[in-house]
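Summary of the model geometry
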Amino acid sequence: MKKILTMALCLTAVGSMSAQKDAVDQAAKLSGKIDKISDARALINQAVSNPETANDVRTYYVAGKLEFDAFDEGFKKRAINPDDPAVNLIDMGNELVNGYNYFIKALPLDSVPNEKGQIKPKHSKDIISRINGHHNDYFNFGGEMFNNKHYYPEAYNAFMIYGDIPSQPWADKAVKAVPDSVVALAYHYAGIGAYSGNELQAALKAFEKARKAGITDPQNFVYEIACWQNIALRDSTLEETAKKEIEGIARAGYDQFGISNPLFLNNLVNALLQQGRNDDAVALIGTQISKTPDVPFLYGLRGYVNDRRGDDEASIADYRKASSFDNADIETLKNAAKKIYTSGTVIWNGIEGNQPEKRQDVKVNYFEAAKAIAERAQALDPSDNDVNYILENINYALETYF
């Protein structure tokens, strides 16, 4: 009885495996038929979800072939009639991505040793040929999906695959010859896609790959920093990690682009201040000033650092220098007016008795000087509430004290 039961169980298992292999065979027969792609996928999903065929290389090879054949058929139809209603660009992009993912699962399964310990791949050559042959399509359809606002995961996945393929050991000569600048650009676009889709971790992965591939667009660094800043705001447990990462990205950006984008130096200085390395921050800014002495924001930045150090005299001197430039930006002027006014208030409050010379000095060199700077800032942006508030306080002091 026990033998009969065991045999029945074995027959059931064989029958189950046979049924799933039949499903794969049926799916293979539907390959290239766009109108039957849903049916073919349903059959493949049965095989993928069944433990009897879930690790069978042919399951994933047929699955990948289905997707690539559907893409190729759509490509042909679109070449004949760009407005063919049977062709959907987004579907084609997804077919490329799905085909790649299936083939990547198939490759290692195709190199599993047989019962004799021999490795005899059956499908790898065709898989590799198809992926290499469609390499450029990933970039093109990544763009198609991005332009149609399918940022994530559609555009993201296509651009990431395009960037990843050239580093694969099986990539052909033509694919390996793709310039690093183009690979970096693909990763950058992938990052933009994920960032637009509010997928910050995915965006970070892409922006980091773009940076390491040698991206020449400073915005990649800006986005990468922004990702970490937003991640830290969402999860306080990642604040310290974010600080370290931002410092590294900011330093890389500063080393590559200098002060063409002040954000890199600003973030780098801020990272040093957070670590209590105030002197290092001053030294860093001083080195940059020696290279570019006519850049206003550098003096304003050093003024800010000296203020944090508690060196009011040095801070005020820096802010006065920063505001002396005709091309000083509004933030520099705003901060200079605020520092000079508040320092004047402290001096005023410390004057004992009637000392007209000292009081006149505060009026001219602090309150009126701060007012002139604030008015320049206001001229740059009359709607800036911060500037208007500073001016209200300065005017109140001038009207009340004198």
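Before reading further, recall that the structure is shown in the block above.
Values in this document were obtained by computation on a predicted structure and should not be read as measured data.

**So, the nonpolar core**
Membership of the largest hydrophobic core comes to 92 residues, with the highest contact counts inside it found for Ile131, Tyr138, Ile165, Leu265 and Val269. With sequence-adjacent residues up to four places away left out, Ile165 is seen in contact with Tyr100, Ile131, Asn132, His135, Tyr138, Trp170, Ala171 and Val175. Core analysis: the next-biggest nonpolar cluster, separate from the first, contains 24 residues, Ile373, Ala374, Val387 and Leu391 among them.

**As for the layout of surface pockets**
Think of a ball as big as a water molecule: rolled over the atoms, this probe shows where empty space is left. As a volume, the largest pocket reaches approximately 270 Å³. Val57, Asp110, Val112, Lys120 and Lys122 are, among the 13 residues lining the largest pocket, the residues nearest its centre. Residue composition of the lining of the largest pocket, by class: five nonpolar, four polar and four charged. In terms of lining, the second largest pocket is formed by Pro262, Asn266, Phe297, Gly300, Leu301, Tyr304, Tyr319, Asp329, Glu331, Thr332 and Asn335. Residue assignment for the lining of the second largest pocket shows that the elements contributing at least two residues are helix H13 (262–274), helix H15 (296–309) and helix H17 (330–350). With four residues, H15 is the largest single contributor of residues to the lining of the second largest pocket. When grouped by side-chain class, the residues that make up the lining of the second largest pocket number five nonpolar, four polar and two charged.

**Overview of helix H3 (residues 57–80)**
The terminal C-alpha atoms of H3, which comprises 24 residues, lie 35 Å apart, in line with the 34 Å expected from a rise of 1.5 Å per residue. Its side-chain oxygen placed 3.0 Å from the backbone nitrogen of Arg58, Asp56 serves as the N-cap of H3.

**Comments concerning the pattern of salt bridges**
On inspection of all chains with the given rule, the structure shows 19 salt bridges. Taking the shortest distance from any N to any O, the salt bridge between Arg302 and Asp318 comes out at 2.9 Å. Highlighted residues: Arg302 in helix H15 and Asp318 in helix H16 (residues 312–323), separated in sequence by 16 residues. Taking relative accessible area as the criterion, Asp318 reaches 6% and is therefore assigned buried.

**Some details on the environment of Gly214**
Inspection of the secondary structure puts Gly214 in the loop between helix H10 (200–212) and helix H11 (218–234). Accessibility expressed as a relative area gives 37% for Gly214, which makes it partly exposed. Spatially, the C-alpha atoms of Gly214 and Val387 are 40 Å apart, while their sequence positions differ by 173 residues.

**Considerations on the packing of aromatic side chains**
A complete count under the given rule lists 24 aromatic pairs for this structure. Measuring from ring centre to ring centre gives 5.9 Å for Phe71 and Phe75, while their planes differ by 35 degrees; the resulting arrangement is tilted. Taken together, the residues span about one helical turn, with Phe71 and Phe75 both in helix H3 at a distance of four residues. The interplanar angle of 45 degrees and the centroid separation of 6.5 Å between the aromatic rings of Trp348 and Phe367 together place this pair among those described as tilted. Pair noted here: Trp348 is in helix H17 and Phe367 is in helix H18 (residues 356–380), with a separation of 19 residues, a long-range link. The class for Trp348 is buried, based on a relative accessible area of 11%.

**Remarks on unusual backbone geometry**
Excluding glycine, residues mostly have negative phi values, and the peptide bonds linking residues are mostly trans. Across the junction of Tyr152 and Pro153, the peptide omega takes the value 5 degrees, indicating a cis bond. Within the element layout of this structure, Pro153 appears in helix H7 (residues 151–164).

**Re empty space enclosed by the protein**
Applying the stated criterion across every chain, the model contains one cavity of 30 Å³ or more. Quantified by volume, the largest cavity comes out at close to 40 Å³. Lining of the largest cavity is provided by Arg41, Ile44, Asn45, Ala63, Leu66, Glu67 and Tyr102. Of all the elements in the fold, those that place two or more residues in the lining of the largest cavity are helix H2 (37–49) and H3.

**As for the packing of helix H4 (residues 89–109) against H7**
Contact geometry of H4 with H7 gives a least axis separation of 10 Å together with a crossing angle of 50 degrees. Comparing their axes, H7 and H4 come out oblique. Regarding H4 and H7, the two cross each other, and that crossing is left-handed. Here H4 contributes Asn94, Val97 and Tyr100 to the contact with H7, which in turn contributes Glu154, Asn157, Ala158 and Ile161. Classifying every residue of the contact of H4 with H7 by side-chain character gives four nonpolar, two polar and one charged.

Rules used in this analysis
Positions within a chain are numbered from 1, following the residues in the order the chain's sequence is written. In keeping with the predicted nature of the model, local features appear solely for residues at pLDDT of at least 70, side-chain atom pairs appear and are counted solely at 80 or more, and the whole-chain, interface and lining totals rest on all residues. Excluding hydrogens and water, the side-chain values take into account all heavy atoms of the structure. By nonpolar core is meant a set of buried Ala, Val, Leu, Ile, Met, Phe, Trp, Tyr and Cys residues that side-chain atoms within 4.5 Å join together. Relative accessibility thresholds used throughout: buried, under 20% of the residue-type maximum; exposed, over 50%; partly exposed, between the two (1.4 Å probe, protein chains only). Throughout, a residue-residue contact means that at least one pair of heavy atoms, one from each residue, lies within 4.5 Å. Only protein atoms enter the 1 Å grid used here, on which a cavity is any set of points holding a 1.4 Å probe that cannot leave and a pocket is any open set flanked by protein within 12 Å on both sides along at least five of seven lines; residues with an atom within 4 Å of a point are listed as lining. Grid points are joined across faces, edges and corners, and a volume is the space filled by probe spheres set on the points. Gly is placed with the polar residues, together with every amino acid not listed as nonpolar (Ala, Val, Leu, Ile, Met, Phe, Trp, Tyr, Cys and Pro) or charged (Asp, Glu, Lys and Arg). In DSSP terms, a helix is any run of H or I states spanning at least four residues, a strand is any run of E spanning at least two, and both are numbered starting from the N terminus. Each residue after the first adds 1.5 Å to the expected span of a helix. Polar contacts, as counted here, are pairs of nitrogen or oxygen atoms within 3.5 Å of one another; within protein the pair requires one atom able to donate a hydrogen and one able to accept it, and residues that are adjacent in sequence qualify only if both atoms are side-chain atoms. Salt-bridge detection follows one rule: a side-chain nitrogen of Lys or Arg within 4 Å of a carboxyl oxygen of Asp or Glu. Two rings from Phe, Tyr or Trp (for Trp, the six-membered ring) form a pair when their centres are within 6.5 Å of each other. A pair whose planes differ by under 30 degrees is stacked, one over 60 is edge-to-face, and the rest are tilted. The angle between two axes is taken between their N-to-C directions and runs from 0 to 180 degrees, where each axis is a line fitted to C-alpha atoms and a helix contributes only its stretch in contact. Relative orientations are named as follows: roughly parallel for angles under 35 degrees, roughly antiparallel for angles over 145 degrees, roughly perpendicular for angles from 65 to 115 degrees, and oblique for any other angle. Crossing handedness: left-handed means the near helix sits turned counterclockwise from the far one by under a right angle, and right-handed means the same turn made clockwise.

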